[in-house]
Each structure stands twice: as C-alpha cells, then as structure tokens.
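# Working through the structure, step by step
Listed here are the chains, written in short residue letters.
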Amino acid sequence: MPEVIFTGEKGRLEGRYQPAKTRNAPIAIILHPHPQFGGTMNNPVVYNLYYQFVNRGFSTLRFNFRGVGRSQGSFDHGQGELADAAAALDWAQSINPDARACWIAGFSFGAWIGMQLLMRRPEVEGFISIAAPANLYDFSFLAPCPSSGLFVHGDKDAVVPFSAVTGLVEKLKTQKGIIIEQQTVPGANHFFDGRTDELMEVVGTYLDKRLPGTRKKDSKESAA
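What counts, and where the lines are drawn
- Residues numbered from 1 in each chain as written.
- Predicted model: local features only at pLDDT ≥ 70, side-chain atom pairs only at ≥ 80, totals over all residues.
- Heavy atoms only, no water.
- Helix = DSSP H or I, 4+ residues; strand = E, 2+ residues; numbered from the N terminus.
- Rg over C-alpha atoms; globule rule 2.2 N^0.38 Å.
- Buried < 20%, exposed > 50% of the residue type's maximum accessible area, 1.4 Å probe, protein only.
- Areas by Shrake-Rupley, 256 points an atom, 1.4 Å probe, with all protein chains shown as cover.
- Lys, Arg positive; Asp, Glu negative; His and termini not counted.
- Charge placed at Lys NZ, Arg CZ, Asp CG, Glu CD.
- Pairing = 2+ DSSP bridges.
- Axes fitted to C-alpha atoms, helices over the stretch in contact; angles between N-to-C directions.
- Parallel < 35°, antiparallel > 145°, perpendicular 65-115°, else oblique.
- Left-handed = near helix turned anticlockwise from the far one by under 90°.
- Contact = heavy atoms within 4.5 Å.
- Phe/Tyr/Trp six-rings, centres within 6.5 Å; stacked < 30°, edge-to-face > 60°.
- Lys NZ or Arg CZ within 6 Å of the ring centre and 35° of its normal.
- Core = buried A, V, L, I, M, F, W, Y, C linked by side-chain atoms within 4.5 Å.

### A few points about the overall build of the protein chain
Tallying secondary structure elements over the protein chain gives 5 helices and 8 strands in all. Relative to the 2.2 N^0.38 estimate, which gives 17 Å for 224 residues, the radius of gyration of the protein chain is 16 Å and therefore close to what a compact globule would have. Each of the three principal axes of the protein chain carries a C-alpha extent, and together these read 40 × 40 × 35 Å. Burial analysis of the protein chain (224 residues in total) assigns 55% to the buried set. Total accessible area computed for the protein chain in this model is approximately 9,800 Å², and 50% of it derives from carbon and sulfur atoms. Computed over 23 positive and 22 negative side-chain charges, the inter-centroid distance for the protein chain is 4 Å.

What follows is the structure, given as structure tokens:
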C-alpha cells in the first residue's frame, strides 16, 4: 500500500494507493469524513472501503483532504475539498490511462463531496454513499443523478436522520435509466461504531452484484 503525494489546488495532497495488476482495471477513489471533526483517510470505514475495491481488482486511492495530515492547505467548506477530489481522480487517471471506468465511495462529508464529483465526471459509473448527510448539505444538484449506486445508512444515526436519506433516495429513484439502492445497517450509529463488519458486508454484496467475478482473496494491511 504505497504512500503517494500528488498535486492539489493548494499544494501537495497525501494518499495511499494500491495499483491494480491489469492495465485496464477500473479506478476507485475513497473520500473521508469531515476534516474538522476528525475525518482522515485512516478512518476505519474509509480504510475498509478501500480494501473492498482493492480486493476486486481496482486501482484504488484514498487520500487526505487539504489541511489533514500531511496534505497542504486548509479546510474550505466543501468547494476546495471537491477540487481535491477532482485532483485525486486526475492523478489516478494519469497513471492509469487505460482504465475503463471509475467508482467513487464516500463516507458522511465525503459522500457529499463524492456525489458532486460524480456530477462533474461522466466516466464515473458507480458510487457508494455511506451516511450521506442529506439533512446538513444540499444534495439538489443530483438532478438528474447520472450513475447507479448504493446509499447505506445506520438506523440509529443521531447525526443524520434515516428519514433524510430515505427522502433523497426516493427522489432519485424516480429517474429513468439508473438504479438507486438503499440498505440499512441495524443498530449502527453515524460512525458505524461496532458495525463496520456489517457495513462492509452490505457494500461487498452490492459490489459483487454490480461487478460479478471480481472478488479476490481479502488482503489488508494495518492502518497507518
């Protein structure tokens, strides 16, 4: 799991990158929770999401938004973080010019950033949106949502009410040509404390349905 540094709008951004073994493998970008509330690329949910894609043959990148860890810059309330995510995808594409597709996975604040990136990059063909903060941020830009994907939420989330995400999903489901799925992790709070394994089972099942035959032997390294 090599450490990487790539250039963002406000300087260097640090990440962890696992290249795929095939030239035309898809790319996955993993986006972490709110930088001002302890969100980093080593968040347990982000870390495990990373390996869900690595174990299915993706060239996978997770990174720290500006001002987090060794990434330069300072928090920018979403606009700058979206630029960081775009820079991450640009970097991943630059070293994977034959990549056939891209997926975006985000957790909480990262889910909001990821869905905005999805709207701007037509090569993104799938998404995983975990604990999407539909009550805290405006998701009306998803009009229409261009790709199929999965929303996952804990039914004990005290930060983002389950009803807020359900309302967003129901709006998106009315669109033709895409399939939006929603899954619930029973007993999970906003951070999926003690429920990460159950969350990853939901994510893995969805990826295996969308990407049959890609599952490989699990491989993980300890979080840095």
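### Remarks on the sheet that holds strand 6 (residues 124-130)
Strands sit in the order 1-2-4-3-5-6-7-8 across an open sheet of 8 strands; the sheet is mixed. Looking along the sheet, the strands with just one partner apiece sit at the ends: strand 1 (3-8) and strand 8 (180-185). Taken pair by pair, the neighbouring strands of this sheet meet at an average axis angle of 20°, ignoring direction. When strand 3 (residues 27-31) meets strand 5 (residues 102-107), the two strands line up parallel, connected through 5 bridges.

### Overview of the packing of helix 1 (residues 44-54) against helix 5 (residues 196-210)
Look at helix 1 against helix 5: their axes get within 10 Å of each other, and the N-to-C directions meet at 30°. The angle between the axes of helix 1 and helix 5 places the two elements in the roughly parallel class. For helix 1 against helix 5, the interelement crossing comes out right-handed. Residues P44, V45, N48, L49, Q52 and F53 of helix 1 lie in contact with helix 5, whose contacting residues are T196, L199, M200, V203, G204 and L207.

### Topic: the pairing of strand 1
By the alternation rule, side chains of strand 1 split into V4, F6 and G8, which are all buried, and E3, I5 and T7, of which none is buried. Hairpin connection of strand 1 to strand 2 (residues 11-18): 2 residues between the antiparallel strands.

### A look at helix 1
Of all 11 residues that make up helix 1, 10 are buried, and the element is covered over most of its length. Among the residues of helix 1, V45, V46, Y47, N48, L49, Y50, Y51, Q52, F53 and V54 are the ones counted as buried. Where helix 1 is buried, its residues meet strand 2, strand 3, strand 4 (59-63), strand 5, strand 6 and helix 5.

### Thoughts on the packing of aromatic side chains
Overall, the coordinates contain 17 aromatic pairs when judged by the stated rule. In textbook terms, an aromatic cluster arises when at least three aromatic residues are bridged by ring pairs, as seen for F6, Y17, F63, F65, F75, W91, F109, W112 and Y137. When the ring centre of Y50 is taken as origin, the NZ or CZ atom of R62, which lies over that ring, is 4.6 Å away.

### Some points on the nonpolar core
In this structure, F6, I29, C145 and F151 are the most contacted members of the largest nonpolar core, which totals 41 residues. Sequence-distant contacts of F6, defined by excluding residues within four places in its chain, comprise G11, R12, L13, L61, F63, A87, A88 and W91. If you look at the next biggest cluster of nonpolar residues, it comprises 29 residues, including L49, W103, I130 and A188.

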